[in-house]
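Working through the structure, step by step
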Amino acid sequence: MAMGDALNVRARAPLRLGLAGGGTDLSPYCDEHGGNVLNATIDRFAYAHIRVNRIGALVLRARDVGTEEVLEPSLDHPITEGLMLHRAVYTHMMKTYCDGVALPLTMSTTIDVPAGSGLGASSALVVALIEAFTYALGLPLGPYDVAKLAFDIERKQLGLAGGRQDQYSAAFGGLNFIEFLPSDRVIVNPLRIRREHLNEFEASLVICFSGQSRRSDTIIKEQVAGLKQMDAKTIENMHKLKQDAIDMKLALLRGDIRATADILGRSWTSKKATAAGIATEQVDKLYDIAIASGAWAGKVSGAGGGGFLMFLTDPENRYQLIGALNEAGGLASGVKFSMDGAEGWPIGI
């Protein structure tokens, strides 16, 4: 399918907080035991912009990190070099939906947070790129299709280490209890939380960037190694993380934010036991300061090793908690939930 000269499309996909169950979406654990993850998308986004390149080049840009590639339109460029996420999505879309024709395009992306945030930013970027092509080409791809394709591109085509939750949270949006079952089956269950409970949860939540970007590959590979070796301690802690997702879902549905905080803290203890390097000196420092400043509990979002932390506290104490974390060198703020998933739209020339 050919694109018109006037093509100019933008898309966005929300980032997520991993509330509970993170890690149980990793193979081989979820393939053998099934995984449960509870996550929520927030008002931070990955954006993708695709338009026809009028000088006949293929231009790939990641504006937030100041990287640009100017290439000849081709499907022969290695996808594991340079801006590999952009390259891989472009190559797949051209081969699968454009009759193998390498169209001259400009593909630009930005993300609202630093790289290595622990908010699923890389997967959200891939989802945003796919959603932009889906809108531009009028493809019949729903959120399950977009998420599955993003997973295949990241984990199978590019061989990047990681689980499955990020792609599905970005595609669907909202607060979801996601089941990862054998044979690559995934069920996304949106939580129907009463508005007053959701408001109280949001008012109790503080996020804080640790100042440390991290690569999740090493931590994830250690977790996977423990799972492949059927390491009893790793498996036991994965079981605990899986149960935490169920327990937190029930606590949120009944509006019990203190119980939610207790599970968050319990989950952090279990998560730290699945691999070394999940908690760093800076993470521990911010965590201790948060607890001393009235936070009920907290944990890192994502694989760990830095990135964002999240805390729950009495909403009356939120201002004090944010101030204490910022004074300690973090970058803390409140956060709002985003209930919409990936979406694309046309823009003017």
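The sections below set out a description of the structure shown in this document. Bear in mind that the values here come from a model prediction, so they are computed numbers and not experimental data.

What follows deals with helix α4 (residues 143–157). For α4, spanning 15 residues, the distance from its first C-alpha to its last is 20 Å, which sits close to the expected 21 Å at 1.5 Å a residue. All of the buried residues in α4 are Val146, Ala147, Leu149, Ala150, Phe151, Asp152, Ile153, Glu154 and Arg155. Close packing links the buried residues of α4 with α2 (84–97), α3 (121–137) and α5 (165–172). In the stretch just after α4, Gly159 is the one whose phi turns positive, near 70°.

Next up on the list: the pairing of strand β2 (residues 35–52). Note on strand geometry: in a regular strand, side chains alternate between the two faces of the sheet. Burial within β2 is extensive, with 15 of its 18 residues counted as buried. Here strand β1 (residues 8–20) pairs with β2 via 11 bridges, running antiparallel. When the sheet's bridge partners are listed, Gly18 is paired in β2 with Asn39. Pairing geometry for β2 and strand β5 (residues 105–111), over seven bridges, is antiparallel. Paired with Ala48 across the strands is Thr109, a residue of β5.

A word on the environment of His77. With respect to the helices, strands and loops of the structure, His77 is situated in the loop between β4 (67–71) and α2. Classification of His77 by relative accessible area gives partly exposed; the value is 22%. Remark: the alpha-carbon pair of His77 and Met248, spanning 171 residues in sequence, is separated by 45 Å. Of note is the side chain of His77, whose polar atom sits 2.7 Å from the backbone oxygen of Glu72.

The first and last C-alpha atoms of α2 sit 19 Å apart over 14 residues, in line with the 20 Å expected at 1.5 Å per residue. For α2, the tally of buried residues reaches 10 of 14 residues, placing the bulk of the element in the interior. Those residues of α2 lying buried are Leu85, His86, Arg87, Ala88, Val89, Tyr90, Thr91, His92, Met93 and Met94. Among the structural elements, β3 (58–62), β4, β5, α3 and α4 are those in contact with the buried residues of α2. Phi turns positive one or two residues past the end of α2, at Asp99, with a value near 60°.

Let's shift gears to the pattern of salt bridges. Using the criterion set out here, one finds 16 salt bridges in the structure. With its nearest N and O atoms 2.4 Å apart, the salt bridge here joins Arg194 to Glu196. One network of salt bridges, with partners in common, ties together Asp31, Lys148, Asp152, Lys156, Arg164 and Asp184.

What counts and how
- Residues numbered from 1 in each chain as written.
- Predicted model: local features only at pLDDT ≥ 70, side-chain atom pairs only at ≥ 80, totals over all residues.
- Heavy atoms only, no water.
- Helix = DSSP H or I, 4+ residues; strand = E, 2+ residues; numbered from the N terminus.
- Expected span 1.5 Å × (residues − 1).
- Buried < 20%, exposed > 50% of the residue type's maximum accessible area, 1.4 Å probe, protein only.
- Contact = heavy atoms within 4.5 Å.
- Pairing = 2+ DSSP bridges.
- Polar contact = N/O pair within 3.5 Å; in protein donor to acceptor, adjacent residues only side chain to side chain.
- Salt bridge = Lys/Arg side-chain N within 4 Å of Asp/Glu carboxyl O.

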